[in-house]
Amino acid sequence: MGNDFDENDDRREGYDGTGTGAITPDGCSVEVWTRLPAGDIPDVIEAAVPPGASILELGCGVGRMTHPLIERGFAVTAVDESAEMLARVRPEVRTVRSPIERLDLGERFDVVMLASFLVHAGDPAVRQGLLETCRRHVAEDGCVLVQREGEDWHRNVPRESRIAGTDGVARILSTTPVGSGVNSVRSEYVFPDGTWTQTFLSRPLTAAAFEEALADAGLRVETYLTEDRTWVRARPAG
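Predicted, not measured: the structure shown is a model, and the values here were computed from it.

**Considering the sheet that holds strand 7 (residues 159–162)**
Strand order in the open sheet formed by 5 strands is 1-10-9-8-7, with antiparallel pairing between adjacent strands. Each edge of the open sheet carries a strand with a single partner, namely strand 1 (16–18) and strand 7. The mean angle between the axes of side-by-side strands here comes to 15 degrees, regardless of whether they run parallel or antiparallel. Sheet analysis places strand 9 (residues 182–191) next to strand 10 (residues 194–202), joined by 9 bridges and oriented antiparallel. Note on strand 10: the bridge partner recorded for Ser 184 is Leu 201.

Listed below in structure tokens is the structure:
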């Protein structure tokens, strides 16, 4: 519904993607994301926040989690920098087109959500901008939900998994150091009707480094929500 970003969808440096259909600035295929299931993530979110909470979803994509959340009674504002992604979000959802690190709605929400491992942005300044956006938009008694990579994510390579509910396979083909603690990750999604790839930058973070990054943005980790410690609930530090 909203649109505060009117630039071309130029690729971010170090990010790329191949395959039919629109490719976003960070190399994501819009077509692939329409096929990926939400899995149990909506259950994790629902259990971690108050019923009916207002949620600011940063990096919503095609609405993979947006739609299950609104169906569960949450009031979701969905943000993404890709017009092609936002075009797939249901029209009844409030949407905003903007790079996350530049977002300033002048509003506070019960919950701010930063999923899809975005906190591992290769550029520390971008990562800090993402977390500062979280802090700027969360109510003082609210919470921030962050999805982080698993501890062996960059070591357990190559790997593949079936995409639930589809005939597709997702693969992490390689993760290659490119300097300054950053890896270039190459992924592949194979379906009977096509293959898509994405190359992106990721900065591995130990739990201590992750918590320090949150602290630098005025947030503190309250609890790890999942056994693998990939979902985290944080609160304003004060």
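**Section: the packing of helix 5 (residues 124–137) against helix 6 (residues 207–216)**
At a closest axis distance of 9 Å, the pairing of helix 5 and helix 6 adopts a crossing angle of 60 degrees. Viewed along their axes, helix 5 and helix 6 adopt a mutual orientation that is oblique. The two elements helix 5 and helix 6 cross, and the hand of that crossing is right-handed. Residue-level contacts link Arg 127, Gln 128 and Leu 131 of helix 5 to Ala 213, Leu 214 and Asp 216 of helix 6. A breakdown of the residues in the contact of helix 5 with helix 6 according to their chemical character gives 3 nonpolar, 1 polar and 2 charged.

**A few points about the nonpolar core**
Membership of the largest hydrophobic core comes to 26 residues, with the highest contact counts inside it found for Leu 58, Leu 114, Val 144 and Phe 210. For this core, the elements supplying multiple residues, two or more each, are strand 2 (54–58), strand 5 (109–114), helix 5, strand 6 (138–147), helix 6, strand 11 (219–224) and strand 12 (231–236). Leu 58 has contacts with Val 79, Ile 100, Leu 103, Val 112, Met 113, Leu 114, Ala 115, Leu 118, Thr 133 and Cys 134, leaving out every residue within four places of it along the chain. Grouped together as the second largest cluster of nonpolar side chains are 18 residues, Ala 38, Ile 41, Ile 45 and Met 113 included.

**Focus on the packing of aromatic side chains**
Overall, the coordinates contain 3 aromatic pairs when judged by the stated rule. Ring geometry for Phe 117 and Trp 153: centres 6.2 Å apart, planes at 45 degrees, overall tilted. With Phe 117 in the loop between strand 5 and helix 5 and Trp 153 in the loop between strand 6 and strand 7, the pair connects residues that are 36 residues apart, well separated along the chain. Trp 153 gets classed as buried once you look at its relative accessible area, which sits at 14%. Each residue in the set Phe 117, Trp 153 and Phe 200 is aromatic and connected to the rest through ring pairs, giving one cluster. A cation over a ring is seen here: Arg 148 above Phe 210, with NZ or CZ 5.1 Å from the ring centre.

Reading the values: rules and limits
- Residues numbered from 1 in each chain as written.
- Predicted model: local features only at pLDDT ≥ 70, side-chain atom pairs only at ≥ 80, totals over all residues.
- Heavy atoms only, no water.
- Pairing = 2+ DSSP bridges.
- Helix = DSSP H or I, 4+ residues; strand = E, 2+ residues; numbered from the N terminus.
- Axes fitted to C-alpha atoms, helices over the stretch in contact; angles between N-to-C directions.
- Parallel < 35°, antiparallel > 145°, perpendicular 65-115°, else oblique.
- Left-handed = near helix turned anticlockwise from the far one by under 90°.
- Contact = heavy atoms within 4.5 Å.
- Nonpolar A, V, L, I, M, F, W, Y, C, P; charged D, E, K, R; others polar.
- Core = buried A, V, L, I, M, F, W, Y, C linked by side-chain atoms within 4.5 Å.
- Buried < 20%, exposed > 50% of the residue type's maximum accessible area, 1.4 Å probe, protein only.
- Phe/Tyr/Trp six-rings, centres within 6.5 Å; stacked < 30°, edge-to-face > 60°.
- Lys NZ or Arg CZ within 6 Å of the ring centre and 35° of its normal.

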